[in-house]
Amino acid sequence: MLAGERQPISPDPHDLVRLISREQLETWATEAPVWDRDNTYPARAIQELAGTGVMGATFCVEDGGRCATLRQVLEVIRVVAHHSGILARVVVDSNLGPAALVITQGQLAQRKEVSASVHAGNKPAIAITEPMAGSAATELTTSVTERGGRLVLNGEKCWITGAPVSQHYVVFARLAPRPGYKGIGIVLVRKDRRGIAFGPVPRMMGMRGLPEGSICFRDYVVGSEDILAPAGEGFRIGMSLYNSQRLGAAMVATGIAEAALHHAVTYTKQRHQFGRPLAANQGVRWMLADMAIQVDHALTYLRAVADEVGTGLAPDRVRVAIGKINAAEMAIRVTNAAIQLFGARGYDGDGPVERLCRDARMFTIGGGTTEMLRELIGKNLGPPVILDTRAKQVTDSPGSSR
Ligand SMILES: Cc1cc2nc3c(=O)[nH]c(=O)nc-3n(C[C@H](O)[C@H](O)[C@H](O)COP(=O)(O)OP(=O)(O)OC[C@H]3O[C@@H](n4cnc5c(N)ncnc54)[C@H](O)[C@@H]3O)c2cc1C
C-alpha cells in the first residue's frame, strides 16, 4: 500500500460515521442557520467534510476511497442531516448518483480526475432536468452532434443541485437522433471548459446554500472519452445508479425528520403551560409517539434496502421508490408536527424547526416526484415483484410467523 493511501473501512455499519467528530457536527449545526439565511455555499465546511474521508468513501481504495457500503453511507447521511440538510446532500452526491456513475462507468483517467476532485471537497452534479423535460425526462433535447469534425454539446439544464459550484457535471444528453430513452447517453462535463455557462442561482424554499442552478451548453466540445454511457444505454445505466441517490435522499429526509422529533421532545419537556410541561399532556405525548413511529419506520426500511445490496450500489428500484415516497411524505408530516408542538416559536424563522420544515419539503419533487415514483411502483407490481428474494427470506426465517 502506498503512503497516504486509504484502507477499506471495516464492515461495521457505523464505522464510517465515526470519522466525523461530535465537535465538527456541532460546529456545522451552529453554522447551518447562517448558510440558510444568507443562501451561501458552505465551501469551508464541505472541505472539512472531505477531510474526514466521508466524501468519496464508496470509491475503491485505488480511487482514494474506503470501499464503504451503501448502508455505511446512509448512516453518515442520517447523522449529518440532523445537523445540516445541505451537507447531508453533499454526502449523497459525492458517494452515490453522479459520483457512482463516474466511478463505475468512467475510464481510469476520468475516475482519477473526479475522485481527486471529490476528495478535495468538490461535489459532482447530475444534470437530467430541462425546462421542457421534467418528469418526462426521456423527452430531453440537450444533444451531442458532430460539427466541423468535432462532437459538440448544446442545450439547457435546470434545477441542477450544485450548479454553478460543482466542477464536474454528469449530463444526460441525446447522443443519437433516436426518440425517447433510445437516443440518450451520458457525458462527463467540466466546469472549467469553454462552452458552458450558468444562470443566476434561484432562491429556493429550503436547502438554501446548496444552489439548484441552470446550465447552458453552447458548442461545448466533447471528447469520445467523455462519454460515460452510449446512446440507448445512458438511461438504463444512469437510472440504475440513480436509485442509490434516491435512497440517500430518502435518508436525508429521515435525518431531518429525526432532528425535528428530537427538538420537539426536548421542547415539550421544558415548556410549561397550565403549571406542567407540555409533554405531561397525553395528547402531546401521542403526537410525539406518532412522530417517532413514522421516523423509526422510515429509518428501518431504508437500512433494510441498503443491507439487501451488500457491497453493491444499485438497490432495487421499486424498494427505493417505496422508501423515498414514504420518507419524503413522512418528513413533511413530522416537521409540520414539530412546528405545531413549538407553537409560535415553531413558526419563528429564527427558531430551530422552521428551517427543518422548509428543508424537508423538496423530497417529494427532487430526484423524481412522488407521482412518478408511484407510477414506477404501480407499473412493476405483480407476482414477479412479490415473489422476489424477500419472500424467500420470510420462508427461510423460522421465527417469522407466530
Ligand atoms: C431541490 C431540487 C433539487 C433538484 N436537483 C436536481 C438535480 O440535481 N438534477 C436534475 O436533473 N434535476 C434536479 N431537480 C429537478 C427535479 O428532478 C424535477 O423538478 C422533477 O423531476 C419534476 O420535474 P418538473 O419540476 O419539471 O415538474 P413537472 O414534470 O412539470 O411536473 C409538475 C407536477 O405534475 C406532476 N406530473 C407530471 N406528469 C405527471 C403524470 N403523468 N401523472 C401524474 N402527475 C404528473 C409531477 O409529479 C409534479 O407534481 C431538482 C428539483 C428540486 C426541487
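Residues numbered from 1 in each chain as written. Predicted model: local features only at pLDDT ≥ 70, side-chain atom pairs only at ≥ 80, totals over all residues. Heavy atoms only, no water.

Each helix and strand counted, the protein has 14 helices and ten strands in total. Its C-alpha atoms give the protein principal-axis dimensions of about 80 × 55 × 50 Å. Taking the intrachain contacts of the protein between residues at least 6 apart in sequence as the baseline, contacts between residues at least 24 apart amount to 75%. About 18200 Å² of surface is accessible on the protein, with carbon and sulfur atoms providing 55% of the total. Across the protein, the 45 positively charged side chains and the 39 negatively charged ones have centroids separated by 3 Å. (Helix = DSSP H or I, 4+ residues; strand = E, 2+ residues; numbered from the N terminus. Contact = heavy atoms within 4.5 Å. Areas by Shrake-Rupley, 256 points an atom, 1.4 Å probe, with all protein chains shown as cover. Lys, Arg positive; Asp, Glu negative; His and termini not counted. Charge placed at Lys NZ, Arg CZ, Asp CG, Glu CD.)

With that settled, consider the side chain of His83. Note that His83 resides in helix α3 (residues 70–83). A relative accessible area of 17% places His83 in the buried class. Among the polar contacts listed, one links the side chain of His83 to the backbone oxygen of Val79, at a separation of 2.9 Å. (Buried < 20%, exposed > 50% of the residue type's maximum accessible area, 1.4 Å probe, protein only. Polar contact = N/O pair within 3.5 Å; in protein donor to acceptor, adjacent residues only side chain to side chain.)

With that settled, consider helix α8 (residues 282–308). Compared with the 39 Å implied by 1.5 Å per residue over 27 residues, the 39 Å span of α8 between its first and last C-alpha is a close match. Of the residues making up α8, those classed as buried are Val284, Leu288, Met291, Val295, Ala298, Leu299, Tyr301, Leu302, Arg303, Val305 and Ala306. In this structure, the buried side of α8 is in contact with α3, α7 (234–270) and α9 (317–342). Once α8 finishes, Gly310 follows within two positions and takes phi at roughly 60 degrees, a positive value. (Expected span 1.5 Å × (residues − 1).)

Compared with an ideal rise of 1.5 Å per residue, which puts 26 residues at 38 Å, α9 spans 37 Å between its outermost C-alpha atoms and is within 8% of the ideal. Across the 26 residues of α9, 19 count as buried, placing the element largely inside the fold. Phi turns positive one or two residues past the end of α9, at Gly343, with a value near 60 degrees.

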